[in-house]
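Structure at a glance
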Amino acid sequence: MNTTIEELEQWMRAPNESEGLEFKAARTGFHGPKLLDYCVAIANEGGGKLILGVTDKLPRTVVGTKAVNDTQGMQKKILDTLNFDVRVEEVLHPAGRVVVCHIPSRPIGTPLDHDGRYLMRSGEELRSMRPERLREIFAEGRPDWLMRIAKEHCSTAEVISLLDTQVYFDLLSKPYPTNRPAVLEKFESEKLIIEDTNGYSITNLGAILFGKRLDDFEGLARKGPRVIVYEGPHKLQSSRVFQPGSKGYAVGFLRLIDFINSHVPSNEVIGKALRREVKMFPEEAIRELVANALIHQDFNETGTSVTVEIYSDRLEVSNPGKPMIPPDRFADEYQSRNERLAGLMRRLGICEEQGLGIDRVIASTEVYGLPAPDFRLGERHTMAILYAQKKFESMDRGERIRACYWHCVLRYVTGEKMTNASLRDRFSLTESRAETVSRIIAETLHEGKIKSDDPSRTSKKYASYIPYWA
């Protein structure tokens, strides 16, 4: 069916160039290889339309194009070169000639390439797909990693021997069934095991949560969390590596947290009558960060695992894979690539309700008077960092801005707004330091991290602030 002028003009009114629409003026032409590149990129993003002869900025106008004089010949060239069909047609608009390429989506599990380059769009340009995106596409159509089989053809006795079924019922505060069939029925309903022709298959979900020994399951030994303890603040100093996470996450989580806390340095606090030792980091923050790392890791990444590194002045928790939301939104949004795992771990009481974990991390660091946590992205991992207590005067500009931003976020998600007074309390500063705090707020505003709740208000004394995304 041919495109009508009315349909073209409707596409032109789209507020943004969506994933399905790409406009190019292309007045004098559009180089053949470039057109093929765009066909591949748009197909890799789910398909859409490449429209030549129309400007890309609103309000879009038809300027006409001399590109693709032979539409049938171009269709054949695309098919011969890329091995998929693209319908190319002319639309004779009153303001000029327009060429529309109707590009289908790539097949499931198959990224498309042109001259060996797997392309996607990035703003107004094209770029090669990141390795993790390619892995996601290749994995399409396959069972989710958690639903793949860790060990097949197990007898009832072998299932009970390999999985700690008692822990499941203990964590849910339910009585242990009086017979094995009832135990297996419950585990099957949770997709922890699947009945097969010769007994039961244990899924990766069942093994990673309830395995008595991850070594008993092929490919899972490296999925256990590691803890590295350094003697000082640098990696170059001597370290000890432990792997207390040889058990499934649900089975060994409390032991793992206890193990980490036992190696976290302590600070000496002098009270009115006695001295006492206080751990450098709140256990609540450690627990939530470790649980989040276990839940949000990319299980398709090989040769790496959740790692906790303990230094004399900080604690770093990293997990394989990049997050599905920007780090700035960790406290107010939630999206996990392992939702089945996350849901079960929430019900087992291992982590907080959806979207509350990072809030608690930020709140506990404020209560302890610590610098704000830092969230960083690497090439193949996500890292959360807790820092030891530091006096306000010792904080650099970046640390003060980060603390201001996360304090503003915490206030917003709890139904309040940040003010000069609330930020002074966060830094344990007196009212005489109000001007100092105002400068921090001004710098955070300049960085685009926060904004005024009421731009028309001119008084800084009574001003309130919300996150930039609110």
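Note that the structure is predicted; figures quoted are calculated from it, not measured.

Here the focus is the overall build of the chain. The helix and strand tally for the chain stands at 15 helices and 20 strands. Seen through its principal axes, the chain has C-alpha atoms that stretch 90 × 75 × 45 Å. The buried share among the 470 residues of the chain stands at 50%. Sequence separation of at least 24 residues holds for 63% of the intrachain contacts in the chain that already meet a minimum separation of 6.

As a further point, take the pattern of salt bridges. Inspection of the entire model under this criterion finds 29 salt bridges. Two residues, R121 and E22, come together in a salt bridge whose shortest N-O distance is 2.5 Å. Of the two residues, R121 sits in strand β5 (residues 119–122) while E22 sits in strand β1 (residues 21–24), which places them 99 residues apart along the sequence. The exposure class assigned to R121 is buried, which follows from its relative accessible area of 13%. The class of E22 is buried, set by a relative accessible area of 2%. Here E443 and R397 are joined by a salt bridge, their closest N and O atoms 3.7 Å apart. Of the two residues, E443 sits in helix α15 (residues 434–446) while R397 sits in helix α13 (residues 397–413), which places them 46 residues apart along the sequence.

Our focus in this paragraph is helix α3 (residues 71–82). If you check α3, its first and last C-alpha atoms are 16 Å apart, about what 12 residues at 1.5 Å a residue would give, namely 16 Å. Residues T71, M74, Q75, I78 and L82 constitute the buried set of α3. Buried residues of α3 fall within an arc of 105 degrees about the axis and therefore sit on the same side. Among the exposed residues of α3, those oriented more than 90 degrees off its buried face are Q72, K76 and D80. Packing partners of the buried residues in α3 comprise α2 (32–44) and β3 (87–93). Of the residues flanking the start of α3, the one acting as N-cap is D70, its side-chain oxygen 3.4 Å from the backbone nitrogen of Q72. Taken from the residues just after α3, N83 is the one with a positive phi, measuring 65 degrees.

One open sheet holds the six strands; their spatial order is β11-β10-β14-β15-β17-β16, and the pairing between them is mixed. Both outer strands of the open sheet, β11 (239–242) and β16 (374–377), are each paired with one neighbouring strand and no more. Direction aside, neighbouring strands of the sheet carry axes that sit 15 degrees apart on average. Of the pairings in the sheet, the one linking strand β15 (residues 314–320) to strand β17 (residues 381–387) comprises seven bridges and is antiparallel in character. Bridging across to β17, R314 finds its partner in Y387. Its contacts with the sheet put helix α10 (residues 283–296) on β14 (307–310), β15, β16 and β17, and the angle it makes with β15 is roughly 15 degrees.

Moving on, we come to the environment of G321. Residue position: G321 is located in the loop between β15 and α11 (339–347). Note on G321: relative accessible area 3%, which makes it buried. As a C-alpha pair, G321 and A293 span 28 residues in sequence and 9.9 Å in three-dimensional space. The contacts of G321, once residues within four sequence positions are left out, are D298, E301, R380, H381 and T382.

Residues F187, L209, F210, I260, V290 and L315 are the most contacted members of the largest nonpolar core, which totals 93 residues. Sorting elements by how many residues they give to this core places α10 first, with eight residues. Aside from chain neighbours lying at most four places away, what touches V290 is F253, L256, I257, I260, V308 and V317.

So, on to the sheet that holds strand β18 (residues 418–419). Spatially, β18-β20-β19 is the arrangement adopted by the three strands of the open sheet, whose pairing is antiparallel. Because the sheet does not close on itself, it has two edges, and the strands there are β18 and β19 (450–452). Taken together, the three bridges between β19 and strand β20 (residues 464–467) define a ladder with antiparallel strand orientation. Paired with S452 across the bridge in β20 is Y465.

Attention shifts here to the packing of aromatic side chains. Counted under the stated rule, the structure contains 14 aromatic pairs. Chaining the aromatic ring pairs together yields one cluster made of Y168, F169, Y176, F187 and F210. If you follow R400 out to its NZ or CZ, it ends over the ring of F392, 4.0 Å from the centre. Cation over ring: K449 sits above Y405, and NZ or CZ is 5.5 Å from the ring centre.

This paragraph deals with the confidence of the model for the chain. Looking at the chain, pLDDT values average 90 and 96% of them are 70 or higher. For the chain, per-element mean pLDDT is lowest for strand β12 (residues 266–270), which scores 62, and highest for helix α8 (residues 204–210), which scores 97.

Packed helix pairs are characterised by how far apart their axes lie and by the angle those axes make with each other. At their nearest, the axes of α2 and α3 sit 11 Å apart, and the two run at 65 degrees to each other. Viewed along their axes, α2 and α3 form a crossing whose handedness is right-handed. When α2 is examined against α3, the residues G32, L35, L36, C39 and V40 are found in contact with a partner set consisting of M74, K77, I78, T81 and L82. A breakdown of the residues in the contact of α2 with α3 according to their chemical character gives seven nonpolar, two polar and one charged.

Right, let's talk about the pairing of β3 for a bit. Inspection of the sheet shows β3 paired to strand β4 (residues 96–103) by seven bridges, in the antiparallel sense. Within the sheet, the bridge partner assigned to L92 lies in β4 and is R97. Hairpin connection of β3 to β4: two residues between the antiparallel strands.

Okay, the side chain of R97 next. Here R97 is to be found in strand β4. Residue class for R97 comes out buried when judged on its relative accessible area of 16%. A polar contact of 2.8 Å, which involves the side chain of R97, links it to the backbone oxygen of A67. In this structure the side chain of R97 is engaged in a polar contact, spanning 2.6 Å, whose partner is the side chain of E90. Sequence-distant contacts of R97, that is, excluding residues within four places in its chain, are made with L52, G53, G64, T65, K66, A67, V68, N69, E90, V91 and L92.

Thresholds, definitions, all that
- Residues numbered from 1 in each chain as written.
- Predicted model: local features only at pLDDT ≥ 70, side-chain atom pairs only at ≥ 80, totals over all residues.
- Heavy atoms only, no water.
- Helix = DSSP H or I, 4+ residues; strand = E, 2+ residues; numbered from the N terminus.
- Buried < 20%, exposed > 50% of the residue type's maximum accessible area, 1.4 Å probe, protein only.
- Contact = heavy atoms within 4.5 Å.
- Salt bridge = Lys/Arg side-chain N within 4 Å of Asp/Glu carboxyl O.
- Expected span 1.5 Å × (residues − 1).
- Arc of directions from axis to C-beta.
- Polar contact = N/O pair within 3.5 Å; in protein donor to acceptor, adjacent residues only side chain to side chain.
- Pairing = 2+ DSSP bridges.
- Axes fitted to C-alpha atoms, helices over the stretch in contact; angles between N-to-C directions.
- Core = buried A, V, L, I, M, F, W, Y, C linked by side-chain atoms within 4.5 Å.
- Phe/Tyr/Trp six-rings, centres within 6.5 Å; stacked < 30°, edge-to-face > 60°.
- Lys NZ or Arg CZ within 6 Å of the ring centre and 35° of its normal.
- pLDDT = per-residue confidence, 0-100.
- Left-handed = near helix turned anticlockwise from the far one by under 90°.
- Nonpolar A, V, L, I, M, F, W, Y, C, P; charged D, E, K, R; others polar.

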